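If you want the building blocks of each chain, they are given just below.
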Number of protein chains: 4
Amino acid sequence: MKALAYHGAGKRTWEEKPNPAIKNSTDVIVRVTKTTICGTDLHIMKGDVPEVPEGLILGHEGVGVITEAGSAVSNFRIGDRVLISCITSCGKCDACRKGMYSHCEKGGWILGHLVDGTQAEYVRIPYADTSLYHIPDGADEEPFVMLSDILPTGFECGVLNGRVKPGDTVAIVGAGPIGIAALLTAQFYSPAEIIMVDTDINRLDVAKTFGATRVVHGNAVDEIIKLTNGKGVDVAIEAVGISDTFDICQSTIAAGGHIANIGVHGKSVELHLEKLWSSNVTITTRLVDTVTTPLLLKTVQSGKLRPQKLITHRFALNQIMRAYDTFGNAAKEKALKVILTN
Amino acid sequence: MKALAYHGAGKRTWEEKPNPAIKNSTDVIVRVTKTTICGTDLHIMKGDVPEVPEGLILGHEGVGVITEAGSAVSNFRIGDRVLISCITSCGKCDACRKGMYSHCEKGGWILGHLVDGTQAEYVRIPYADTSLYHIPDGADEEPFVMLSDILPTGFECGVLNGRVKPGDTVAIVGAGPIGIAALLTAQFYSPAEIIMVDTDINRLDVAKTFGATRVVHGNAVDEIIKLTNGKGVDVAIEAVGISDTFDICQSTIAAGGHIANIGVHGKSVELHLEKLWSSNVTITTRLVDTVTTPLLLKTVQSGKLRPQKLITHRFALNQIMRAYDTFGNAAKEKALKVILTN
Amino acid sequence: MKALAYHGAGKRTWEEKPNPAIKNSTDVIVRVTKTTICGTDLHIMKGDVPEVPEGLILGHEGVGVITEAGSAVSNFRIGDRVLISCITSCGKCDACRKGMYSHCEKGGWILGHLVDGTQAEYVRIPYADTSLYHIPDGADEEPFVMLSDILPTGFECGVLNGRVKPGDTVAIVGAGPIGIAALLTAQFYSPAEIIMVDTDINRLDVAKTFGATRVVHGNAVDEIIKLTNGKGVDVAIEAVGISDTFDICQSTIAAGGHIANIGVHGKSVELHLEKLWSSNVTITTRLVDTVTTPLLLKTVQSGKLRPQKLITHRFALNQIMRAYDTFGNAAKEKALKVILTN
Amino acid sequence: MKALAYHGAGKRTWEEKPNPAIKNSTDVIVRVTKTTICGTDLHIMKGDVPEVPEGLILGHEGVGVITEAGSAVSNFRIGDRVLISCITSCGKCDACRKGMYSHCEKGGWILGHLVDGTQAEYVRIPYADTSLYHIPDGADEEPFVMLSDILPTGFECGVLNGRVKPGDTVAIVGAGPIGIAALLTAQFYSPAEIIMVDTDINRLDVAKTFGATRVVHGNAVDEIIKLTNGKGVDVAIEAVGISDTFDICQSTIAAGGHIANIGVHGKSVELHLEKLWSSNVTITTRLVDTVTTPLLLKTVQSGKLRPQKLITHRFALNQIMRAYDTFGNAAKEKALKVILTN
């Protein structure tokens, strides 16, 4: 088969690879029908994720059809259409039993990271029974690709951890795909205001069409403090992963508010406890658990969530080298999410 | 009357002051029968709390008897024995209606900070109906002095924010009075282990008598990681307020765990988001709201909590200058809390 | 002034009454600008609420302008436009401090029940600081009349107690004004399905325009079980107050589900614990606390909630006798809420 | 092997049975070292559980050693000492993923109910990886037998559902083994008062030794109302399963309180919604999920919980016919739990 393989920082190739085979009785093989590229894949390509082995197939998102199933798989059969979760969950360890699949002793984020991923014609999925979801009969596949990673990430790490509630004022710092995923799912809870912060005006224009009630592109702290009459925001969601954006969150959070970090940080940040110690704030971090995937599936099926709106570009899977280039120039290309169809 | 007044960094005097008088219809005057000295009073004396005005009477803890009551006071009468909360709550503003009395628009921490406090023969208590609590008939007063500040602080900012639950492993960093208050109230929830961390071996010996199951006095991070078989603790409570102790918390917290900051920090700390971003941790800060005072009163009355165990030294109120010296040398004097009786 | 007074079962008159006066320093007098009639007022008129004294002015909803204020009132001034809460809260008792204003020791539901109410040109409001809310400058008054009782009742007793969440299937039994209030506010949480149950087809047609995704008017249990593929609903909200409608809830609730009772029941019901004991269900009751009024105000101001859609009829206040007739024949008149303007 | 088999109402025999064998790759075979008899077994013997097939081996509690393991079992090996959960959980279905193992699509309560149980020399355990727990090296086995059913039942259905918190007043109606399990685990949360209600004075004497602060044996409603100064209790736990005991709960619950039903009811009860509709109460039901077993294991290991105190009688497994007689006359024999050792 063909697949997108990583060969060290900056080097990727669309190359011939052996078809994956069942290794454990809990595995299935999925023929990938649609996949996408994540910001994390770009991080890997920059060499920022050194544990990725040479030659690994990238990709941790996608939908497909089961072509082979291990003997211990009971929830799925050959021919089933499935949504692949970016997080692999064994279903048996302490972390999985607590709903913290991200810290599964045998799984977690392994696809396209430690084991071959979904940017390929076929992929082996370990612990299939607890790492895949059925796609409803007759449903279009595209929205479900968005449920592999980006929507549960925005929802769990941003919206749920931020405890967004009706009437709240929410700031989302970063209007990239993850920030937009948080923006879409924050609206599940009917906040009064969602202030979107980014330095890219195009992205903010897009954010308005996704439901942002206000946008801020410069002087963010002062602007937010002004917009909230000096009170600050009830919830601040960090969706970038750098010191500057975390600072906007800690400088604008109201007393009693919640800062929900989604961003993947490469460096430490300065936490202003000399101010915050008495502010009754809560700061959370989280690697997505994908524990809300069943809930999100229901909101997609009922039309409350239309995540396909995030898709800006479509390619054939064998055009993936070009798709990486497009996604890698997201600002210029006005790209949010690309779909690759096999 | 006589009172302890602040006259700039390092200067305090036991001096003659005018008796306090009712200013607003919601005030009462309390004849202080017992008061104490808080670590915060020592901070003020060092000059760390510059907003304290010259000449202010210090003290935000105590019990006493009402000698005068404003016309709008309905819950209390002259002659009632009362517990004075360190937090003044108007009961009417948004913050008070949400149970966040610490951020009351007209109150919060004002006693012995912005208005004259309790280290005096008499004190004026604003918003008496929502800032005082009845002391049960016949009850000894000493335990209730501990409920003005230290017990609700350890409980709300440490134990409740840390979400201590049965079977948990808890680390409390700092075995001073606040750390001990957290230690006492953490036991409400039957954690499996409470590891107490301090550099002072005497304090750790005391902590053992208060229910610590383990104590650690050096090399804290390594020791805690070893004691928890590499997993870290479910809850880490910071009860000092400096960078080093916050670091112990962030270096030993298990995935999914809670760091509850109690300490009053004078400087920012370095937050290791490059490690924690994927750890599913929660970090909280809080100025005590004293919203649990009614609950704590019930636990004292039922014998589940015996906060008088914290009292190591007793003085007459007019010996308060000496009491400050003793409390200021807490390590040497083996002092936790001092009681001053009027 | 003129007011609507109760003179025993079936007897009401629009009559001359003395203007109300300040009794306690925490009172204000409000000139009522708009009021409405509640289903509870009809219950009183039937003689079902025997504690209502002869001659009492009815009404517990409305908006108006403050014309006089007691000396202890600090949040409001003469001339302020205010929303009157149906629940009076002293702000000082244990129940109020816990946010359970409905069980306030000195208040609770007293307006138009134990003390003169709002169906009058003027009304005295006890504990004004904690029982009134400011109406934003320039805002239309009509939506706020709906926030006195009906919206917080549907929201707190139905939606919050039912813990509606994204993706849920919700049944609301009873499509009267309270059921519609629950329907409107359930949508704050983006459930996948809201099934509205009533025997009146007209009301169900109205419910569809308010966001019901399904309606059921006969054979409700079978229909709901069929609609949910045999699983039952996640949340069942009882908005009538009789045995039959409670039965629909207990017969259609899924394992792990929540039954939220709003209805005012006159008789006991049979609870099928022989089936439910092992169903992991939660059943709640509640007299509205109006603790969410500030939240609801924000959702109205931000346009997330448009409660004025409930208003079907408008009268002058002095036409209130006719308005009662109309509202008393709600099915025939297709009435949800009537507005009376002074 | 030998086992205790059910042969219709009133008929049980200690008889020869074929040794169990692995049926599915997720099964293990356990040599039972200790088991016990549950009140539910007595219900079965009375013929109250008609779905139990003729000839079934009873018993859903016990500890033992694994003698054989299916190929898909990964958490356990031959020779491991294990605690058998009364609830079988597949770990993969929606209910299991939500932590509601009691409603597992393939498991739930099946041991000694629908498939052969633990009152035998050997037992087959389906879905072993998610239905067994490791017993710590060197630990005494007896306390863990109490963790198969009775302790998680009292804790989850009674204490957690009742949301017992520090300072609360709790009533537990029924001082049998389940009521005592609730009594023991309620103390995890430091309530101020635990009032134990039963008609058997001996059992109440026992309850006092387990931590009850008050006991009531007649005129329960009046007594509890008096003991609580007319307020009622914060939490009422029903641990019997009949109308009279449920009535005590609904007649003594304070406004805002929680009624947690544990009892297995054979008939419906009358729910007094005509009184309770406005009381802000919560009523819960639950079949134990055993989701707290890991937590309870930690409390046993740390000495916070000593469930072996419930054991009043010990027999050899081959004396089980006599043990049933003893346990069936619990009041006369002063029996709480019996241990059968193989």
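Since we're looking at a predicted model, the values are computed, not measured.

As a further point, take the interface of chain A and chain B. With 33 residues of chain A in contact, the opposing surface of chain B contributes 33 residues. With both chains or domains summed, chain A and chain B bury close to 2,800 Å², and 59% of this area falls on carbon and sulfur atoms. The interface formed by chain A and chain B includes zero salt bridges. Here chain A is connected to chain B by 23 residue pairs in polar contact (both at pLDDT 80 or more). Both strand β13 (residues 269-271) of chain A and strand β13 (residues 269-271) of chain B contribute to a ladder of three bridges, which runs antiparallel. Within β13(B), the position partnered with A:L271 by the bridge is B:V269.

Following the sequence through the fold, B:Q187 ends up in the loop between α5 (177-186) and β9 (193-197). Judged by relative accessible area, B:Q187 falls into the partly exposed class, the value being 30%. Counting along the chain gives 25 residues from B:Q187 to B:A212, while the straight-line C-alpha distance between them is 9.4 Å. With near-sequence residues (within four places) excluded, B:Q187 lies in contact with B:I194, B:F210, B:G211 and D:S190.

Overall, the coordinates contain 52 salt bridges over all chains when judged by the stated rule. Across the pair A:D205 and A:K208 runs a salt bridge whose closest N-O atoms are separated by 3.9 Å. Remark: A:K208 and A:D205 occur in helix α6 (residues 201-209); sequence separation between them is three residues, near one turn of the helix. Judged by its relative accessible area of 40%, A:D205 falls in the partly exposed class. Note that D:D325 and D:R12 form a salt bridge whose closest N and O atoms lie 3.0 Å from each other. With D:D325 in helix α11 (residues 320-328) and D:R12 in strand β2 (residues 12-16), this pair connects stretches of sequence that are 313 residues apart. Of the residues examined, D:D325 reaches a relative accessible area of 42% and is grouped as partly exposed.

Screw-axis analysis of chain A against chain B gives a translation of 0.0 Å along the axis, an RMSD of 0.0 Å, and a rotation angle of 180 degrees. Both copies of the chain, as the preceding transformation shows, are related through a two-fold rotation axis. A high fraction, 100%, of the interface residues of chain A reappear at the interface in chain B, so the copies pair face to face through one surface.

Aligned on chain D, chain A shows an RMSD of 0.0 Å; the corresponding rotation is 180 degrees and the shift along the axis is 0.0 Å. A symmetric contact is evident, with 100% of the interface residues of chain A recurring at the interface of chain D.

Right, let's get into the sheet that holds strand β11 (residues 233-238) of chain A. Pairing is mixed across the open sheet formed by 12 strands, whose spatial order is β10(A)-β9(A)-β8(A)-β11(A)-β12(A)-β14(A)-β14(B)-β12(B)-β11(B)-β8(B)-β9(B)-β10(B). Of all strands in the sheet, those bounded by a partner on one side alone are β10 (214-216) of chain A together with β10 (214-216) of chain B. Each strand of the sheet is rotated relative to its neighbour by a mean of 15 degrees, with strand direction disregarded. Pairing geometry for strand β8 (residues 169-173) of chain A and strand β9 (residues 193-197) of chain A, over five bridges, is parallel.

Turning next to unusual backbone geometry. Even without being a glycine, C:T290 presents a positive backbone phi close to 55 degrees. Within the chain, D:K334 stands out as a residue other than glycine whose phi angle is a positive 50 degrees. With respect to the helices and strands, the residue D:K334 is situated in the loop between α12 (330-333) and β16 (337-341).

Our focus in this paragraph is helix α1 (residues 39-46) of chain C. Side chains three or four residues apart in an α-helix point the same way, a direct result of the helix having 3.6 residues per turn. Residues and elements named next belong to chain C. Those residues of α1 that sit buried are D41, I44 and M45. In an axial view of α1, the angular spread of the buried residues amounts to 100 degrees, which keeps them on one side of the axis. Considering only its buried residues, α1 is in contact with β1 (2-6), β2 (12-16) and α11 (320-328). After α1 finishes, the residue G47 shows a positive phi value of roughly 90 degrees.

Below, the discussion takes up the interface of chain A and chain D. Between chain A and chain D, the contact holds 11 residues from the first and 11 residues from the second. Summed over the three residues of chain A that lose the most area to chain D, namely A:K92, A:R97 and A:T130, the buried surface amounts to 51% of that side. In this assembly, chain A and chain D are joined by two salt bridges. Where D:K92 meets A:D129, a salt bridge forms, and the shortest distance between an N and an O atom there is 2.3 Å. In this assembly, chain A and chain D are joined by 14 residue pairs in polar contact (both at pLDDT 80 or more).

Moving on, we get to the packing of aromatic side chains. Under the counting rule described, the total for this entry stands at 10 aromatic pairs over all chains. Taking the centre distance of 5.4 Å and the plane angle of 80 degrees together, the rings of A:F155 and A:F188 count as edge-to-face. Here A:F155, found in helix α4 (residues 150-160), pairs with A:F188, found in the loop between α5 (177-186) and β9; they are 33 residues apart in sequence, far enough to count as distant. By relative accessible area, which is 0% here, A:F155 ends up buried. Through a chain of ring-to-ring contacts, the aromatic side chains of A:F155, A:F188, A:Y189, C:F155, C:F188 and C:Y189 assemble into a single cluster.

As a further point, take the pairing of β11(A). All names here are of chain A. Burial analysis of β11 places five of its six residues in the buried class, the great majority of the element. The pairing of β8 with β11 spans four bridges and is classified as parallel. Bridged to A171 within β11 is A236. Two elements, β11 and strand β12 (residues 253-261), share five bridges in a ladder whose sense is parallel. Within β12, the position partnered with V235 by the bridge is H258. This β-α-β element, β11 to helix α8 (residues 243-252) to β12, shows right-handed connectivity.

Residues and elements named next belong to chain D. On the secondary structure map, G232 appears in the loop between α7 (220-227) and β11 (233-238). We classify G232 as buried; its relative accessible area is 9%. Each C-alpha atom, one on G232 and one on I110, is 38 Å from the other, the two residues being 122 residues apart in sequence. Among residues more than four places away in sequence, those in contact with G232 are I225, T252 and A254.

A word on the sheet that holds strand β9 (residues 193-197) of chain D. With respect to topology, 12 strands assemble into an open sheet ordered β10(C)-β9(C)-β8(C)-β11(C)-β12(C)-β14(C)-β14(D)-β12(D)-β11(D)-β8(D)-β9(D)-β10(D), the strand pairing being mixed. The open sheet terminates on both sides in strands that have one partner only, identified here as β10 (214-216) of chain C together with β10 (214-216) of chain D. Going across the sheet, the axis of each strand differs from the next one's by a mean of 15 degrees, ignoring polarity. As paired elements, strand β14 (residues 282-284) of chain C and strand β14 (residues 282-284) of chain D share three bridges and run antiparallel to each other. When the sheet's bridge partners are listed, C:T284 is paired in β14(D) with D:T282. Lying on the sheet, α7(D) is in contact with β8 (169-173), β9, β10 and β11 of chain D; it crosses β10(D) at an angle near 150 degrees.

Conventions used here
Residues numbered from 1 in each chain as written. Chains lettered and ligands numbered in written order. Predicted model: local features only at pLDDT ≥ 70, side-chain atom pairs only at ≥ 80, totals over all residues. Heavy atoms only, no water. Contact = heavy atoms within 4.5 Å. Buried area = accessible area lost by both parts, 1.4 Å probe. Salt bridge = Lys/Arg side-chain N within 4 Å of Asp/Glu carboxyl O. Polar contact = N/O pair within 3.5 Å; in protein donor to acceptor, adjacent residues only side chain to side chain. Pairing = 2+ DSSP bridges. Helix = DSSP H or I, 4+ residues; strand = E, 2+ residues; numbered from the N terminus. Buried < 20%, exposed > 50% of the residue type's maximum accessible area, 1.4 Å probe, protein only. Least-squares fit on C-alpha atoms with pLDDT ≥ 70 in both. Axes fitted to C-alpha atoms, helices over the stretch in contact; angles between N-to-C directions. Arc of directions from axis to C-beta. Phe/Tyr/Trp six-rings, centres within 6.5 Å; stacked < 30°, edge-to-face > 60°. Right-handed = clockwise from strand over helix to strand, strands pointing away.

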